[in-house]
Amino acid sequence: MAQIGKDIDLAKSFLEQGQLVGIPTETVYGLAGNALNPESVALIFETKNRPAFDPLILHTSSMDRVSDFVTEFPEKLLTLAEYVWPGPLTLLLPRKSIVPDLVTSGLDRVAVRVPKHPLTLALLETLDFPLAAPSANPFGYISPTSPAHVNAQLGEKIPYILDGGPCEVGLESTIVGMEGAEIVIYRLGGLEIAEIEKLVGPVKIKDHSSSNPQAPGLLESHYSPRKPFVLGNLKDLIGEHLEKKTDFAVLSFSDYYAEVSTGNQIALSPNKNLHEAAKNLFAAMRKLDEGKADLILAELLPEEGLGRAINDRLKRAAVK
Ligand code: TXA
Ligand code: MG
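For clarity, every value in this text was computed on a predicted model and none was experimentally measured.

A.B. asks: Any chance you could break down the site of ligand 1 for me, citing the residues and the numbers?
C.D. replies: Taken together, 23 residues surround ligand 1, and among them T27, D54, H59, R109 and S173 come closest. Within the side chain of D54, one N or O atom sits 2.7 Å away from an oxygen atom of ligand 1. At a separation of 2.9 Å, an oxygen atom of ligand 1 approaches a polar side-chain atom of S135. Out of a free accessible area of 680 Å², ligand 1 has 97% covered by protein chains. Taken together, the elements giving at least two residues each to the shell around ligand 1 come down to β4 (57-59) and β6 (109-113).

Structure (structure tokens):
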């Protein structure tokens, strides 16, 4: 198992040796390595069992440092970055050649972000290279929102996890880029669309599917528990499965069901708060996946604000 602690110098020394470290961010935990060292980057892909066609996000401590890695910073994206960073926003920008091909999977743009977590920002400040960091889960599984989640799955493969507590936002960053004059959202995430539109006007949301080579990581089946994950009307589903005598668990937005045992159900936010629901989502999916039930019944949330990104994750979890 990996060592877990708050020692930035230790994390730094592992990273300088080319090793990987679990790092906290406001969205989810990342599996970080030196983005300018192709061997470290290759180790990230190997450790996550991630296909090489799925590019990585480059993390830095400030907007000033981003210019070391990109050739252009369109004004509208600059406006967004100034307002949101550090925060749950990733920008796709034309890359400089200093960024290894492996980081971008050979694409012309590199994904960059300044994460909002004091420990990780302090770590990035002391390093003289940026960190490449995908979510710290095996490819296709649920993203980690605590050090224990990282340790449970990657602990055998990495020496250290920087302990920043539970993630505040709980959903991955929103990925934004430009196509011509148009602002395009490639992944719904922890930054709401309304926030973006308030700052830079209307955006286009790209349909993410496995046939979309622009965002190869956004495969249909993703964020998936091992157990079958069934979406629908919970009242109906519960009735149906009680009748069939299935051993099931329930993931709801706010309601508890008297006919289901307490240990077998989680409500994401009893007060129907979408921020709270986002923060709890991945931990709840993991907990039910690790429980004894044979399948998980779940429902979509209101399709507004963070509910859109939450529903995106729920739908991908349900794809087999
Ligand atoms: O919140 C986050 O973004 C977290 C934390 C750790 O920062 N990271 C994260 O990384 O979610 P990952 O690797 O799990 O997801 C990154 C997504 C992938 O779907 C990938 O395809 C897309 O970003 N991506 C990265 N670089 C890209 C590029 N150059 N062009 C298009 N898509 C890109
Ligand atoms: Mg991921």
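Additional details are given in the paragraphs that follow.
A.B. asks: Quick rundown of helix α10 (residues 274-290)? Include the residues and the values.
C.D. replies: For α10, with 17 residues, the first-to-last C-alpha span of 24 Å sits near the 24 Å given by 1.5 Å per residue. Along α10, the residues that are buried comprise L274, A277, A278, L281, F282, A284, M285, R286, L288 and D289. Next to the buried residues of α10 lie α7 (147-154), β12 (229-231), β13 (248-252), β14 (265-267), β15 (295-298) and α11 (307-318). If you check the start of α10, you find a side-chain oxygen 2.8 Å away from the backbone N of H275, and it comes from N273.

A.B. asks: Give a detailed account of the nonpolar core, specifying residues and quantitative values.
C.D. replies: Grouped together as the largest cluster of nonpolar side chains are 71 residues, with contacts concentrated most on L91, V176 and L251. Excluding anything up to four places from it in sequence, L251 contacts F229, L234, I266, L268, A284, M285, L288, I296, L297, A298, E299 and L314.

A.B. asks: Describe the side chain of S40, and please don't skip the residues or the numbers.
C.D. replies: With respect to the element layout, S40 can be found in helix α2 (residues 38-48). Owing to a relative accessible area of 1%, S40 belongs among the buried residues under this scheme. Within the local environment of S40, its side chain forms a polar contact with the backbone oxygen of G18, the two atoms lying 3.1 Å apart. Residues contacting S40, with those up to four places away along its chain left out, are G18, L20, G33 and N34.

A.B. asks: Please give an account of the pairing of β13 that cites residues and values.
C.D. replies: Burial analysis of β13 places 5 of its 5 residues in the buried class, which makes it a mostly covered element. Burial along β13 is two-sided: the face carrying F248, V250 and S252 and the face carrying A249 and L251 are both buried. Here β13 pairs with β15 via 4 bridges, running parallel. Across the sheet, the residue bridging to F248 is L295, located in β15. For β13 and β14, the ladder comprises 3 bridges, and the chain directions are parallel. Residue pairing across strands places V250 opposite Q265, the latter belonging to β14.

A.B. asks: Break down the sheet that holds β14 for me, with residues and values.
C.D. replies: Pairing is parallel in the open sheet, where 4 strands are placed in the order β12-β15-β13-β14. On the outer flanks of this sheet lie β12 and β14, each paired with one strand and no other. When strand polarity is set aside, the average angle formed by the axes of neighbouring strands in this sheet is 20°. In this sheet, β15 lies alongside β12 in parallel orientation, the contact comprising 3 bridges. Residue V230 lies in a different strand from β15, and its bridge partner there is L297. In this fold α11 packs onto β12 and β13, with an angle of close to 125° to the strand it touches most, β12.

A.B. asks: For the pattern of salt bridges, give the residues involved together with the corresponding values.
C.D. replies: When the charged atoms of two side chains with opposite charge come close together, those side chains can pair. Scanning the model with the defined rule gives 13 salt bridges in all. In this structure, the salt-bridge partner of R50 is D54, at a minimum N-O distance of 3.3 Å. Judged by its relative accessible area of 14%, R50 is buried. By relative accessible area, D54 is classed as buried at 5%. For E303, the salt bridge goes to R308, with nearest N and O atoms at 3.8 Å. With a relative accessible area of 30%, R308 lands in the partly exposed category. The network of salt bridges with shared partners includes E172, D312, R313 and R316.

Rules of the game
Residues numbered from 1 in each chain as written. Chains lettered and ligands numbered in written order. Predicted model: local features only at pLDDT ≥ 70, side-chain atom pairs only at ≥ 80, totals over all residues. Heavy atoms only, no water. Near = heavy atom within 4 Å. Polar contact = N/O pair within 3.5 Å; in protein donor to acceptor, adjacent residues only side chain to side chain. Areas by Shrake-Rupley, 256 points an atom, 1.4 Å probe, with all protein chains shown as cover. Helix = DSSP H or I, 4+ residues; strand = E, 2+ residues; numbered from the N terminus. Expected span 1.5 Å × (residues − 1). Buried < 20%, exposed > 50% of the residue type's maximum accessible area, 1.4 Å probe, protein only. Contact = heavy atoms within 4.5 Å. Core = buried A, V, L, I, M, F, W, Y, C linked by side-chain atoms within 4.5 Å. Pairing = 2+ DSSP bridges. Axes fitted to C-alpha atoms, helices over the stretch in contact; angles between N-to-C directions. Salt bridge = Lys/Arg side-chain N within 4 Å of Asp/Glu carboxyl O.

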